[in-house]
Amino acid sequence: MATDKVIGIDLGTTNSCVAIVENGVPTVIPNRGGYKTTPSMVAVTEAGKRLVGHIAKRQAITNAENTVYAAKRLIGRKWHSPQVRNAIATSSYRTVEGPHNDVRIVLRDKEYSVPEISAMVLQEMRVIAEDYLGAPVGKAVITVPAYFNDNQRQATRDAGEIAGLDIIRIINEPTAAALSYGFGRNLEKTVAVYDFGGGTFDISILEIGQNGVFRVIATAGDTFLGGEDVDARLIDWLVQEFKREHDIDLRQDRMALQRLKDAAEKAKCELSSVRETEVNLPFIISSERNEALHLQKPISRALLEQLSLDLIERTIDICRQTLEDAELEKRDVEEVLLVGGMTRMPRIQQAVGEFFEREPSKGVHPDESVALGAAIQGYALVGEEHEMVLLDVTPHALGIVTQGGYFEELIPQNTTVPTHRQKIFTTSRENQTAVKILVMQGEHERADQNELLGEFILTGLRRAPKGEVEIEVTFEINADGIVSVRAKDLDTGLEQSIQVTASSGLTRDEISSMMHEAKDQLVDRRSSEELEAAKQEAERLVGEIERLFPQVEQIVAQSDFGREAIDKARVIVDRAKNAVTRKDVAMIKEQIEGLARTQRMFKGVVAKTI
Ligand code: AMP
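Residues numbered from 1 in each chain as written. Predicted model: local features only at pLDDT ≥ 70, side-chain atom pairs only at ≥ 80, totals over all residues. Heavy atoms only, no water.

### Section: the overall build of the protein chain
Put simply, the rule is: What counts as a helix is a DSSP run of H or I of at least four residues, what counts as a strand is a run of E of at least two, and both are numbered from the N terminus. All radius of gyration figures rest on C-alpha atoms, and the globule criterion is 2.2 Å times the number of residues raised to 0.38. Here's how the labels work: a residue is buried when its accessible area is under 20% of the maximum for its type, exposed when over 50%, partly exposed in between, all with a 1.4 Å probe on protein chains only. All accessible areas in this document rest on Shrake-Rupley with a 1.4 Å probe, and a residue is counted as covered only by the protein chains that are shown.
Scanning the protein chain from N- to C-terminus turns up 14 helices and 29 strands. Against the globule reference of 25 Å for 610 residues, the protein chain gives a C-alpha radius of gyration of 27 Å, in line with a compact fold. With the principal axes as the frame, the protein chain shows a C-alpha extent of 95 × 65 × 60 Å. Counting every position in the protein chain, which comprises 610 residues, the buried fraction comes to 56%. Counting only carbon and sulfur atoms, one obtains 46% of the accessible surface of the protein chain, whose full area is about 27,400 Å².

Right under this line is the structure:
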């Protein structure tokens, strides 16, 4: 009989890990070889046999063309995207463009979509769990980098489905790590999770509250910055050295390149524990005169650090920005957790420690905590006895394109999910009977700099001589971070909606030209009136609170509780002022509630003492 237990899977760029909560204890499940992680590699042999995990990794050198690694870098991405161009420039397997502008991987003349490849890895993780539990497994929680956009999340969900798993939730990797850190410990802490894995970098700042509430305050990252970039630096250096000595480009030879890759990664890992190592690759290539050539190079930790320093610095810049977004100071972060294999590199630990001005915690296991967190979340979702609330945020702003190619944000970055927001737009052209809604994700003011998630057309609008038909647009993000959008003609009640799906089938050029067509686009008219009203209300309340501040402070400053209330009021006022400066209607409206509460409380305090 199938177990109703939920497994947690960390689907990593380089390695994957599966865990489960048993009798209330989160446990990583080892694979048949006894390893707790399994390489996220898939291969097809000459005989057509499919290999996954360690067995695929072992034959990668001799079968480089038919061995896929780091598929996570391609998942949910468009063929033409710079990230895909960049990734396939160094891959040893062949890729082609798919029918929806997606990426297809060719193994022994058969094309596979990226979710299909990831599904093979997920299936392997499922089998590892089933072997251990002795029963079929149906449900899973899968983790993704916090910075994954909607397309990447959808594609990961697809992979889960292809693997025959019921994906009950997708959660962010750093959040999962924080869950495994805080689970059952009754902590009250603000923590930063610095997650540097094989292919991605993420940073999240969370507040762990009593009663098991985990609230993400801010999150950011770079889905194209990982350990593989560090490996690439070392490979470049080795290739150059070899060229200088023998005038031969090792990149010409796929097998040599694959051997170099393996050796570079191995050397990098060794240099985390020793100061000097050697890359030794006998018979790497033949010279023009058919002599066998060898590559033998000592590499010091200092050299590796020098080659990767700017990459490390990039992660620190993102940390700095995220703290700012969270409106926190370094000293507000009480614990720094390190996740991802790359955080074993001493120079990284040092850089993180120096930036946050505190020694990173050893409280989580860099390879296992994400899968453990996923299992904990799964356990909490199906088990009624366990109280745990996870409040995550959306890593990217969401909105639509308005006239002139501008991006009109409906949901700001770092908004707690699930959430929904509504806004009214008007049509721009006379007698316009259809409107095209382009749904975008990103932080740029210019729409074409952001990621297109999907599009739909609302037809049958009432013909209005001056345009100006009112359209209400509603965005919804569910707990998996997946987006759906609805548009409604307020005149006729006509409604259209989409769950944004992975591939729009549009090229960048098509998107660009669509955006620059002024017709059939929406104008944001109401928002200025709405903004003005919200601004006035917020400013009135801020003025009132600030006027009462000195009096209230004097009255309540004696007690801890009173001081806390004063601090909270200051935060609310600051946030409201910030929202007014940013002219963010939704954010101002959110703050008005808190302001009104504070103002009432202040008035109450003053009235009681008169
Ligand atoms: P993850 O995606 O968390 O599995 O991280 C994998 C990345 O961590 C790969 O780039 C590995 O080469 C790297 N890694 C694993 N162990 C070490 C180590 N001891 N020192 C440096 N990097 C490591």
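### Here we look at the site of the ligand
This is how the line gets drawn: We call a residue near a molecule or strand whenever a single non-hydrogen atom of that residue lies within 4 Å of it. Two N or O atoms count as a polar contact when they lie within 3.5 Å, although within protein this holds only if one can serve as hydrogen donor and the other as acceptor, and sequence-adjacent residues are included solely when both atoms are side-chain atoms. Each residue gets one of three labels, nonpolar for Ala, Val, Leu, Ile, Met, Phe, Trp, Tyr, Cys and Pro, charged for Asp, Glu, Lys and Arg, and polar for the others, Gly among them. Source of the domain bounds: an automatic or database domain assignment.
Around the ligand, the surrounding shell holds 13 residues, and the nearest of these are Gly198, Glu265, Lys268, Ser272 and Gly341. In the model, an oxygen atom of the ligand is placed 3.0 Å from a nitrogen or oxygen of the Gly341 main chain. Separating an oxygen atom of the ligand from a backbone N or O atom of Met342 is a distance of 3.2 Å. Its free accessible area being 500 Å², the ligand has 86% of it covered by the protein chains. Broken down by element, the shell around the ligand gets its largest block of residues, three residues, from helix H7 (residues 254-270). Residue composition of the shell around the ligand, grouped by class: two nonpolar, eight polar and three charged. When residues are assigned to domains, the shell around the ligand turns out to be shared by domain 1 (3-226 + 310-391) and domain 2 (227-308), each giving three or more.

### Some words on the confidence of the model for the protein chain
The criterion, for reference: The predictor reports its confidence for every residue as pLDDT, a score running from 0 up to 100. The contact rule is simple, with two residues in contact once any of their heavy atoms fall within 4.5 Å.
Considering every residue of the protein chain, the mean pLDDT works out to 86; 93% of them sit at 70 or more. Taken together, the stretch residues 510-526 has pLDDT below 50 and engages in 59 contacts with residues farther than four places along the chain or on a different chain.

### Re the sheet that holds strand E5 (residues 42-44)
Just so we agree on the cut-off: If DSSP finds at least two bridges between two strands, the strands pair. Fitted lines through C-alpha atoms give the axes, limited to the stretch in contact for helices. The angle between two N-to-C directions lies from 0 to 180 degrees.
Taken in spatial order, the three strands make up an open sheet running E6-E5-E7, and their pairing is antiparallel. Each end of this open sheet is capped by a strand with a single partner; those strands are strand E6 (50-52) and strand E7 (67-68). Here E5 pairs with E6 via three bridges, running antiparallel. In the strand pairing of E6, Val42 is matched with Val52. Sitting on the sheet, helix H3 (residues 114-133) is in contact with E5, E6 and E7, with an inclination near 65 degrees to E6.

### Structural notes on the packing of aromatic side chains
The geometry of an aromatic ring pair is captured by two quantities: the separation of the ring centres and the angle between the planes. Put simply, the test is: Stacked, tilted and edge-to-face are the three classes assigned to paired rings of Phe, Tyr and Trp, where Trp is represented by its six-membered ring and a pair needs centres within 6.5 Å; plane angles under 30 degrees give stacked, over 60 edge-to-face, the rest tilted. Charge-over-ring placement is defined geometrically: NZ (Lys) or CZ (Arg) within 6 Å of the ring centre, and within 35 degrees of the ring normal.
Summed over the entire model, instances satisfying the criterion amount to six aromatic pairs. The rings of Tyr194, Phe196 and Phe201 are connected pair by pair, giving a single aromatic cluster. The ring of Trp79 is capped by Arg85, whose NZ or CZ atom sits 4.5 Å from the centre of that ring.

### Points about H7
Note the cut-off: Expected span of a helix, by definition, is 1.5 Å for each gap between consecutive residues, and there is one gap fewer than residues.
Relative to the 24 Å expected for 17 residues at 1.5 Å per residue, H7 spans 24 Å between its end C-alpha atoms, a close match to the ideal helical length. Those residues of H7 not exposed but buried are Ala256, Leu257, Gln258, Arg259, Leu260, Lys261, Ala263, Ala264, Ala267 and Lys268. Structurally, H7 contributes buried residues whose contacts are with helix H6 (227-246), strand E16 (276-286), strand E17 (292-300) and helix H8 (301-325). By the N-cap criterion, in which a side-chain oxygen at the helix start approaches the backbone nitrogen of a residue two or three places on, H7 is capped by Asp253, the distance to Met255 being 2.9 Å.

### Concerning the nonpolar core
Buried together is how nonpolar side chains tend to be arranged in soluble globular proteins. Definition in use: What is meant by a nonpolar core is a set of buried Ala, Val, Leu, Ile, Met, Phe, Trp, Tyr and Cys residues, joined one to another through side-chain atoms within 4.5 Å.
Membership of the largest hydrophobic core comes to 54 residues, with the highest contact counts inside it found for Tyr194, Ile203, Leu250, Leu260, Leu295 and Phe356. The element best represented in this core is H8, accounting for nine residues. Each of domain 1 (3-226 + 310-391) and domain 2 (227-308) accounts for three or more of the residues forming this core. Beyond its immediate stretch of four places on either side in the chain, Leu260 contacts Ile235, Leu238, Val239, Leu250, Leu281 and Leu295.

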